[in-house]
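A closer look at the structure
Each chain, written out:
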Amino acid sequence: MTINEHGTCPVHADFDPLSPAFLADPFAVLDSIPRETPVFYAPSIDYYVVTRYADIEEVFLDPETYSAAPAQLPLARLVPEAMQILLGGGHKPQPSMVSLDPPAHTRLRSPTARAFTPRRVAEMEPKIRRTVDQLLDAIDPAAPFDLVSTLTFPLPATIIFSFVGIPERDWPQLKEWCGHRAALAWGRPTPGEQLHHATSMAAYRSYLRDLVASKVSARGDDFASALLEIHDEAPEALTHEEIGSILYSLTFAGHETTNYLIGNVVRRLLEDPARWDLVVSDPGLIPGAVLETLRHDPSVPVWRRVTRRPVTLAGVDLPEGAKLFLWLAASGRDGSVFPEPGKFDVQRPNATKTLAFGRGIHYCLGAALGKLEAQIALEILMRRFPRLRLVEGQQLSFHANISFRGPEALWVRATP
Ligand code: HEM
């Protein structure tokens with residue numbers, strides 16, 4: 001890796017988080033970066049990359065200096081036609097709460113947190129168990145199977161879509177739109193692909209607007225209806241358009257994040273069968289295995305911010321408007337916080353310190369639900385297939401985007 005000076009900031013000219021080498025093994029790239037450059041500029045994406053735990057935490061905890069605005073901005077420059085399609089479809093550059101700053105952020109986060117009650121999350125538990133069992137019932141354990149298409153992909157979609165109140169007939173369509181959204185905002189699509197993704201996102205937004213309108217007169221015991229009740233109390237405090245934006249957050253945030261989390265947990269445990277066997281013999285270690293995966297190989301490895309004023313971070317002077325690539329996965333490998341960071345240890349005492357869910361005012365609203373889904377999936381999988389093993393010799397592939405990472409397929413067999 002070459003280093004040049006860019007003002008007071010080192011430049012890593014060949015750092016590219018969408019290169020095949022990075023996608024295949026980002027931790028090998030991390031290991032090749034000199035420790036003396038914990039913040040560096042990456043021309044391939046026009047972002048400043050932040051790698052140390054303390055610096056990322058500092059950014060998360062200071063929303064006055066670091067705005068969340070770029071959280072969902074397309075990483076690649078969009079062609080004007082794609083922009084027009086998005087704007088015409090009512091899409092905004094800061095489309096939902098995760099990329100808004102206070103007070104606009106608070107306006108959406110407060111009612112969401114109110115409707116996303118611990119009771120509603122706890123009530124999901126039987127549904128999660130039933131869904132895992134049904135999905136595993138459909139597997140033929142005599143043959144190798146892909147755990148992603150059979151379990152980790154359909155489970156979170158089923159849970160979040162039914163939680164929100166999306167009719168089941170529309171789930172496949174929504175799943176497809178979510179894929180377009182990930183590729184457009186966090187990948188590097190060609191101009192032709194951009195048009196296709198943008199058209200899908202406009203359709204996605206319009207679908208949610210219609211859903212909110214249809215629920216006004218046909219309420220259910222679901223999250224969308226709970227938001228409508230909050231709207232009824234004070235219509236100007238939470239508009240229908242804003243409810244659509246909240247649904248836009250949850251239908252996406254509750255899906256790939258958790259799909260990849262479960263895939264990463266199973267992969268990391270099976271990589272060394274002794275780890276899997278240890279947790280099978282003591283299911284009390286399951287929550288620790290999930291947390292350790294979030295530290296060691298998080299499903300959201302990168303999140304973004306932009307500076308609102310000139311500021312010095314890790315000794316580097318950043319101008320106003322500097323876009324930051326917060327490398328959460330690197331923060332989990334920071335040896336000053338996590339001793340022996342490369343070691344996967346389901347009993348690591350401080351794995352809870354992971355920054356995988358962010359920190360501060362945008363801290364992930366679905367953290368409890370995502371962890372619960374992963375724990376239940378692992379518990380039932382281990383009970384039904386205690387001797388599960390990876391199919392040897394498989395080459396894992398990862399979707400080409402910066403912020404959602406987990407195996408696209410994970411082939412396993414139920415018996416050695
Ligand atoms: C299980 C794996 C998950 C991971 C690793 C994850 C990670 C994250 C991260 C990194 C953020 C941004 C934090 C920041 O900007 O400071 C975030 C925000 C958010 N997450 Fe998650 N998430 C997960 C699951 C979920 C689920 C299941 C849901 C919904 C049910 C969800 C809903 C949200 C929402 C609504 C926000 C925005 C909060 C705000 O801006 O105030 N997430 N998540």
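Remember, predicted model here, so these are calculated numbers, not experimental data. (Residues numbered from 1 in each chain as written. Predicted model: local features only at pLDDT ≥ 70, side-chain atom pairs only at ≥ 80, totals over all residues. Heavy atoms only, no water.)

Moving on to the pattern of salt bridges. The tally for this structure, following the rule as stated, stands at 27 salt bridges. A salt bridge links Arg129 to Glu379, with the nearest nitrogen and oxygen atoms 3.0 Å apart. With a gap of 250 residues between them, Arg129 in helix H6 (residues 118–137) and Glu379 in helix H17 (residues 367–384) connect regions that are remote in the sequence. Residue Glu241 pairs with Arg209 through a salt bridge whose shortest N-O separation is 3.3 Å. (Salt bridge = Lys/Arg side-chain N within 4 Å of Asp/Glu carboxyl O. Helix = DSSP H or I, 4+ residues; strand = E, 2+ residues; numbered from the N terminus.)

Below, the discussion takes up the nonpolar core. Core analysis: the biggest nonpolar cluster contains 135 residues, and Phe15, Phe223, Leu247, Val266, Leu269 and Trp327 have the highest contact counts within it. Here this core takes 10 residues from H17, the largest share from any one element. Those residues in contact with Leu269 that lie beyond four places of it in its chain are Arg275, Trp276, Val279, Ala289, Phe344, Val346, Leu378 and Met382. (Core = buried A, V, L, I, M, F, W, Y, C linked by side-chain atoms within 4.5 Å. Buried < 20%, exposed > 50% of the residue type's maximum accessible area, 1.4 Å probe, protein only. Contact = heavy atoms within 4.5 Å.)

Here we take up the coordination of the iron atom of the ligand. Tetrahedral coordination by four donors places them ideally at 109.5 degrees to one another around the metal; octahedral coordination by six donors ideally gives 90 or 180 degrees. Among protein atoms, the single one acting as a donor to the iron atom of the ligand is Cys364 (SG), 2.3 Å away. Considering the arrangement of structural elements, one finds Cys364 in the loop between helix H16 (328–331) and H17. (Donors = N, O, S within 2.8 Å, 3.2 Å for Na, K, Ca; no water.)

Within the structure shown, the criterion is met by 22 aromatic pairs. Measuring from ring centre to ring centre gives 5.7 Å for Trp177 and Tyr207, while their planes differ by 55°; the resulting arrangement is tilted. Residue Trp177 is located in helix H9 (residues 171–186), and its partner Tyr207 is located in helix H10 (residues 191–216); the two are separated by 30 residues in the primary sequence. Considered together, Trp177 and Tyr207 belong to a single accessibility category, that of buried residues. The ring of Tyr248 has Arg181 sitting right over it, with the charged end atom 3.5 Å from the ring centre. When the ring centre of Phe398 is taken as reference, the NZ or CZ atom of Arg405 above it lies at 3.7 Å. (Phe/Tyr/Trp six-rings, centres within 6.5 Å; stacked < 30°, edge-to-face > 60°. Lys NZ or Arg CZ within 6 Å of the ring centre and 35° of its normal.)

Among the structural elements, Thr293 can be located in helix H15 (residues 286–296). Ignoring sequence-local partners within four residues, the contact set of Thr293 consists of Leu261, Asn264, Val265, Pro298 and Phe344.

Near the ligand, the surroundings consist of 29 residues, among which His105, Arg109, Arg305, His362 and Cys364 are the closest. One of the side-chain N or O atoms of His105 is found 2.7 Å from an oxygen atom in the ligand. In this structure, His362 approaches the ligand through a side-chain N or O atom, which is 2.7 Å from an oxygen atom. Put simply, the parts of the chain that give the shell around the ligand at least two residues each are helix H5 (104–115), helix H12 (240–253), helix H13 (256–271), strand E7 (302–307) and H17. Broken down by element, the shell around the ligand gets its largest block of residues, 3 residues, from H13. In the shell around the ligand, the residues fall into 17 nonpolar, 9 polar and 3 charged. (Near = heavy atom within 4 Å. Polar contact = N/O pair within 3.5 Å; in protein donor to acceptor, adjacent residues only side chain to side chain. Nonpolar A, V, L, I, M, F, W, Y, C, P; charged D, E, K, R; others polar.)

Examined against the element boundaries, Lys353 turns out to sit in the loop between H16 and H17. With a relative accessible area of 38%, Lys353 lands in the partly exposed category. With 300 residues separating them along the chain, Lys353 and Tyr53 place their C-alpha atoms 9.9 Å apart. Leaving out residues up to four positions away in the same chain, Lys353 has contacts with Tyr53, Val337, Phe338 and Arg359.

Take the pairing of strand E4 (residues 47–50) next. Of the two faces of E4, the one holding Tyr47 and Val49 and the one holding Tyr48 and Val50 are both buried throughout. Pairing analysis gives 4 bridges linking strand E3 (residues 39–42) to E4, with the strands arranged antiparallel. Within E4, the residue paired with Phe40 across the bridge is Val49. The antiparallel hairpin formed by E3 and E4 contains 4 residues in its connecting segment, where Asp46 sits at a positive phi of about 60°. (Pairing = 2+ DSSP bridges.)

Let us look at H12. When the terminal C-alpha atoms of H12 are compared, their 20 Å separation across 14 residues agrees well with the 20 Å that a helix rising 1.5 Å per residue should span. Taken across its 14 residues, H12 has 11 buried, putting it largely inside the fold. The set of residues buried in H12 consists of Glu242, Ile243, Gly244, Ser245, Ile246, Leu247, Tyr248, Ser249, Leu250, Thr251 and Phe252. (Expected span 1.5 Å × (residues − 1).)

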